[in-house]
Amino acid sequence: MLYAEDLAIGQRFAFRDYPIEEAEIIDFAKRYDPLSIHMDPVAAANGPFGGLIASGLQTLAIYQRLVVEAMWTQVAGVAGAGIESRFLRPVRPGMTLTGHAEIAALRHRPERNNAIVTVKSQITDGTEQVLSVSLDAVIHSRAGHRQF
């Protein structure tokens, strides 16, 4: 397990590849974001993006899956403290998403036995960035970690 003291600015956590298919986009949209650009290929073809695209919320959910697998299963995290995101390009069926998370800032709080860690992440389609995320999280210090 990595604690706040083990992290360093510039430290990277690589994401695995995540292929996204039309059926997954449509299923997510039907459940959570029922706009035609996300769930109706015919209507989406005539829409502003010229075809079906994933919901931004789905793209964020995929990011969450990838960052948890790459980083949060290794880091003694407590909770998220804030998130900012930017959708840079539409995510389309057939894309394979990947990327990385990088420690951008660390603010140790010895009085609380933790640190606020800023993690900046990029999701790409393999060549171009589709999403950027900046996340502040509370991470245990080694001395303050308790098993619950």
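Refer to the structure above for everything that follows.
Computed from a predicted model, the values in this text were never measured in an experiment. (Residues numbered from 1 in each chain as written. Predicted model: local features only at pLDDT ≥ 70, side-chain atom pairs only at ≥ 80, totals over all residues. Heavy atoms only, no water.)

1. Quick notes on helix H1 (residues 22-32)
Restricting attention to buried positions, one finds in H1 the residues Ile-25, Ile-26, Phe-28 and Ala-29. For H1, the buried positions fall inside an angular range of 165° around the axis, keeping them on one side. Projecting away from the buried face of H1 at angles above 90 degrees are the exposed residues Ala-23, Lys-30 and Arg-31. The inward-facing, buried residues of H1 abut helix H2 (36-39), helix H3 (41-45) and helix H4 (56-72). (Buried < 20%, exposed > 50% of the residue type's maximum accessible area, 1.4 Å probe, protein only. Helix = DSSP H or I, 4+ residues; strand = E, 2+ residues; numbered from the N terminus. Arc of directions from axis to C-beta. Contact = heavy atoms within 4.5 Å.)

2. Focus on the environment of Ile-20
Note on placement: Ile-20 falls in the loop between strand S2 (18-19) and H1. You can call Ile-20 buried: its relative accessible area is 0%. Not counting residues within four places of it along the chain, the set of residues in contact with Ile-20 comprises Ile-25, Ala-54, Gln-58, Ile-62, Val-91, Arg-92, Pro-93, Gly-94 and Met-95.

3. Focus on the pattern of salt bridges
Applying the stated criterion across every chain yields a total of six salt bridges. Between Glu-69 and Arg-16 there is a salt bridge whose closest N-O contact spans 2.5 Å. Taken together, the residues Glu-69 in helix H4 and Arg-16 in the loop between strand S1 (12-14) and S2 connect sequence positions 53 residues apart. In this structure Glu-69 comes out as partly exposed when scored by relative accessible area, which is 30%. Judged by relative accessible area, which is 38%, Arg-16 ranks as partly exposed. Glu-69 serves as the salt-bridge partner of Arg-65, at 2.5 Å between the closest nitrogen and oxygen. A residue pair is termed a helical-turn pair when its members lie 3 or 4 positions apart in one helix, as Arg-65 and Glu-69 do in helix H4 at four residues. (Salt bridge = Lys/Arg side-chain N within 4 Å of Asp/Glu carboxyl O.)

4. Things to note about the side chain of Arg-109
Summarising the element assignment, Arg-109 is placed in strand S4 (residues 96-109). Although buried, Arg-109 forms no salt bridge, and the nearest oppositely charged side chain, Glu-111, lies 5.1 Å from it. (Lys, Arg positive; Asp, Glu negative; His and termini not counted.)

5. Digging into the side chain of Thr-124
Tracing the backbone shows Thr-124 in strand S5 (residues 114-124). Taking relative accessible area as the criterion, Thr-124 reaches 15% and is therefore assigned buried. A polar atom in the side chain of Thr-124 sits 3.1 Å from the backbone nitrogen of Gly-126. Apart from residues lying up to four places away in sequence, Thr-124 is in contact with Thr-96, Leu-97, Thr-98, Gln-129 and Val-130. (Polar contact = N/O pair within 3.5 Å; in protein donor to acceptor, adjacent residues only side chain to side chain.)

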